[in-house]
Amino acid sequence: MSIQPALDTAVLWTEHPQWWLYGIHPQFVQALVRFHQRNRLHLRMAMSLGPELEQEAYWEAEIPRRQADMQAGRAVHLVGFLRQGDDREIGGLVSFWGIEHGDFEACTLSFLLDRQLEGRSLMHQWLGPVVPEVMSRHHLHRVMATHLPENLRSAALLKRLGFVVEGYARDFVKLNGRWRDNVLLSRVAPDD
């Protein structure tokens, strides 16, 4: 039986049977560096592979910004440690960016899973309960997501989570110095 990682003042964001899910915290700096080093090539379909992601100085500056966004209700940034895994190594990262209210009531989801954990439905197990939890806590009507057309794993995961394709955007995001098309999806809360 795995014990909860010793993380000092990091706060458990929610109870989850497979994951320890924490809000982003400065204690994770070295683990974030190692996560990006391990997954340098694996993440190329999800994000730009800037060398700064593998440097402590980047995370020492970035984490307080992300914590401030969480405290202000503008984002949710979660760091996941697999309960039955190495409790020092991050298994995945999930962010709900740009939370807006008023007429929009929406945000954008991004997720990264360690390459060694793929193919075990772990991200589905994580996001299955967390997407509705974020929607409930932040009173959101819509969560949006995107993926590269060739990223079939992300496409399948988002479909299983109830996301629906809403369109295709040409030259939507610049990844690793190149403009790339993206598939646009969303999950909408059931009407009350």
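Overview of the structure. (Residues numbered from 1 in each chain as written. Predicted model: local features only at pLDDT ≥ 70, side-chain atom pairs only at ≥ 80, totals over all residues. Heavy atoms only, no water.)

## Brief notes about helix H4 (residues 152–160)
Considered for burial, the residues of H4 that qualify are Ser154, Leu157 and Leu158. Across the axial projection of H4, the buried residues extend over an arc of 95°, all falling on one side. Facing away from the buried surface of H4 by more than 90 degrees, the exposed residues are Leu152, Lys159 and Arg160. Taken from the residues just after H4, glycine 162 is the one with a positive phi, measuring 95°. (Buried < 20%, exposed > 50% of the residue type's maximum accessible area, 1.4 Å probe, protein only. Helix = DSSP H or I, 4+ residues; strand = E, 2+ residues; numbered from the N terminus. Arc of directions from axis to C-beta.)

## Remarks on unusual backbone geometry
The residue aspartate 171 is not glycine, and still its phi comes out positive at about 45°. Along the polypeptide, aspartate 171 turns up in strand S7 (residues 164–175). Despite not being glycine, asparagine 176 shows a phi value in the positive range, around 50°. Under the relative-accessibility criterion, asparagine 176 is labelled partly exposed at 40%.

## Some words on the environment of alanine 156
Tracing the chain through its elements places alanine 156 in helix H4. Given a relative accessible area of 40%, alanine 156 falls into the partly exposed group. A C-alpha to C-alpha distance of 26 Å links alanine 156 and glutamine 37, two positions 119 residues apart in sequence.

## Brief notes about the pairing of strand S8 (residues 178–188)
Bridging between strand S6 (residues 142–147) and S8 involves six bridges; their strand directions are antiparallel. By the bridge assignment, arginine 142 is partnered in S8 with valine 188. With eight bridges joining them, S7 and S8 adopt antiparallel strand pairing. If you follow tyrosine 168 over to S8, its bridge partner there is valine 183. If you look at the hairpin formed by S7 and S8, you'll find two residues sitting between the two strands, and asparagine 176 has a positive phi there, around 50°. (Pairing = 2+ DSSP bridges.)

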